Amino acid sequence: MARATTIVQKVNDAFPLYGAQEALGTPVIPATRWDPVTGGEVYLRPNTQTDRFVGARVYRRGGIIRAGIDNLEFRPRNATLLKMAVRGSSSDPDGVWAYDGKVQANTIYAGSTQECVQLDWAKINTLELTQEYPADGDDLPLTATANIVAATGVVATTGLTKQPAETLPTLQGWQSEVTLSGIAAGARIRRWRLYINNNISYMTYGDISSANRYASELREGEEEVEFELDVEIPVSWAAAANNDYNAVCYTPGPISGTIVYTNNCTGGPPQTTTLMLSNLVLAEDQGFSEPYEAEGADREPVKVFTFKFVKNDPTLVSFYAATD
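As the structure is a prediction and not an experimental result, all values here were calculated from the model.

Chemist: Lay out the overall build of the protein chain with the relevant residues and their values.
Modeler: Secondary structure summary: the protein chain contains one helix and 17 strands in total. Across the 324 residues that make up the protein chain, the buried fraction comes to 43%. Put simply, 70% of the contacts in the protein chain that link residues at least 6 apart link residues at least 24 apart.

This is the structure:
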């Protein structure tokens, strides 16, 4: 059997587009291009209601479509998308955090120039950022993975429009400067990982009129923030560790800091993207571990410590993103 000669469209011919949505049931036409996407899965899944009876047939009734994007892998160009995972960003475009704030809702178009899915009232549920600084000096970009849930979704009548090339490059490791307090002086960072979980869940109701297809909503749970850090630390740090870990009443010390990316490749004034961390303490399950995973110039092991920090007070901000 001859292979079909019809052209197969590449998914990466068009990046997902998004736009802030102010009211459920009132989609917007996105006009903003997303960051470069390297992987992910767009889905529409029927949530059918099932009645089962012993010795009888199974009745299936229509339910609400579950929609979203799983494991969306992309490379940020600035903080625009990152702010969408911060509480309160829907009421403040600068991403100011609020304990009782909501995660920004968006209309998202995802797919290709031939097929496309429209996600309505879509929110970032989880976001993971990772930056590595390898020993061989490779220029590695900041990588991100997000899981997005939507109140509903439909197959769009037309595909996405192929966007022109973006002049703003992705955030690179060499553009970043990391300053942390609570970590020993002289520490050299090998890798950091930031994880945010908004614990969004579907809430379904039965008292909505049949004319309204949005008989559900997305509700944010308690925000979780984790910050993981691989660092080389001088041996002299052991004395400070003794003061902390050998105290009669040990209290984890706080960690805070900034991660700043400065992009001088725009042809204009430098663009600065800032990630701010605060209100973090050592995790209960891991203070620090000391694997010997590297060697120095004299072939002696280098102390590479792995720290894990978690959100301390749930009523205070732990992550903030901004672009100058």
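Here the narrative resumes, following the displayed structure.
Chemist: Would you mind going over the nonpolar core in detail, with residue names and values included?
Modeler: The biggest cluster of nonpolar side chains holds 49 residues, and the ones touching the most others in it are Leu127, Leu129, Trp192, Phe227 and Leu275. If one sorts the elements of this core by residue count, strand 6 (residues 116-132) sits on top with six residues. Among the nonpolar cores identified, the runner-up in size contains eight residues, and Val103, Ala105, Val149 and Leu218 belong to it.

Chemist: Would you mind going over unusual backbone geometry in detail, with residue names and values included?
Modeler: At Trp121, a position not held by glycine, the phi torsion is positive, near 55°. By secondary structure assignment, the location of Trp121 is in strand 6. Its identity as a non-glycine residue notwithstanding, Asn199 has a phi of 50°, on the positive side. Turning to its location among the elements, Asn199 is positioned in the loop between strand 9 (188-197) and strand 10 (201-204).

Chemist: Explain the packing of aromatic side chains to me, and be specific about the residues and the numbers.
Modeler: Inspection of the entire model under this criterion finds two aromatic pairs. Summarising the aromatic geometry, the rings of Trp192 and Phe227 are spaced 6.3 Å apart at their centres and angled 35° between planes, so their arrangement reads as tilted. Of this pair, Trp192 sits in strand 9 while Phe227 sits in strand 12 (residues 224-232), placing them 35 residues apart in sequence. For the pair Trp192 and Phe227, one class covers both residues: buried. Their ring planes at 15° and their centres at 6.0 Å tell us that Phe307 and Phe309 sit as a pair that is stacked. Overall, the relative accessible area of 4% leaves Phe307 in the buried class. In this structure Phe309 comes out as buried when scored by relative accessible area, which is 3%.

Chemist: Could you give an account of the side chain of Arg191, with specific residues and numbers?
Modeler: Its location among the elements puts Arg191 in strand 9. Separated by 2.7 Å, the side chains of Arg191 and Glu228 make a polar contact.

Chemist: Describe the environment of Thr152, and please don't skip the residues or the numbers.
Modeler: For Thr152, the position within the fold is in strand 7 (residues 143-155). Once the C-alpha coordinates of Thr152 and Ile65 are considered, the two residues, 87 residues apart in sequence, prove to be 5.7 Å apart.

Chemist: An account of the pairing of strand 11 (residues 216-219) is requested, with residue identities and associated values reported.
Modeler: Burial along strand 11 is one-sided: Ser216 and Leu218 are buried, and none of Glu217 and Arg219, which face the opposite way, are. Bridging between strand 10 and strand 11 involves four bridges; their strand directions are antiparallel. The residue bridging Met203 from the neighbouring strand is Glu217, located in strand 11.

Chemist: Talk me through the pairing of strand 6; I want residue IDs and the actual numbers.
Modeler: The buried count for strand 6 comes to 15 of 17 residues, which makes it a mostly enclosed element. As judged from the five bridges shared by strand 5 (residues 106-111) and strand 6, these two strands associate in the antiparallel manner. The residue bridging Ala110 from the neighbouring strand is Val117, located in strand 6. The loop that links strand 5 with its antiparallel partner strand 6 comprises four residues.

Chemist: Could you give me a rundown of the environment of Pro27, with the residues and numbers involved?
Modeler: Relative to the helices and strands, Pro27 resides in the loop between strand 1 (17-20) and strand 2 (32-33). In the structure, Pro27 is positioned 93 residues away from Asp120 in sequence and 6.3 Å away in space, judged by C-alpha atoms. In this structure Pro27 touches Gln21, Thr107, Gln118 and Asp120, once residues within four positions along its chain are discounted.

Chemist: Summarise the side chain of Asn106; cite the residues concerned and give the values.
Modeler: Its place among the elements puts Asn106 in strand 5. Ignoring any residue separated from it by four or fewer positions in sequence, one finds Asn106 in contact with Tyr18, Gly19, Ala20, Gln21, Met84, Leu119, Asp120, Trp121 and Ala122.

Conventions used here
Residues numbered from 1 in each chain as written. Predicted model: local features only at pLDDT ≥ 70, side-chain atom pairs only at ≥ 80, totals over all residues. Heavy atoms only, no water. Helix = DSSP H or I, 4+ residues; strand = E, 2+ residues; numbered from the N terminus. Buried < 20%, exposed > 50% of the residue type's maximum accessible area, 1.4 Å probe, protein only. Contact = heavy atoms within 4.5 Å. Core = buried A, V, L, I, M, F, W, Y, C linked by side-chain atoms within 4.5 Å. Phe/Tyr/Trp six-rings, centres within 6.5 Å; stacked < 30°, edge-to-face > 60°. Polar contact = N/O pair within 3.5 Å; in protein donor to acceptor, adjacent residues only side chain to side chain. Pairing = 2+ DSSP bridges.

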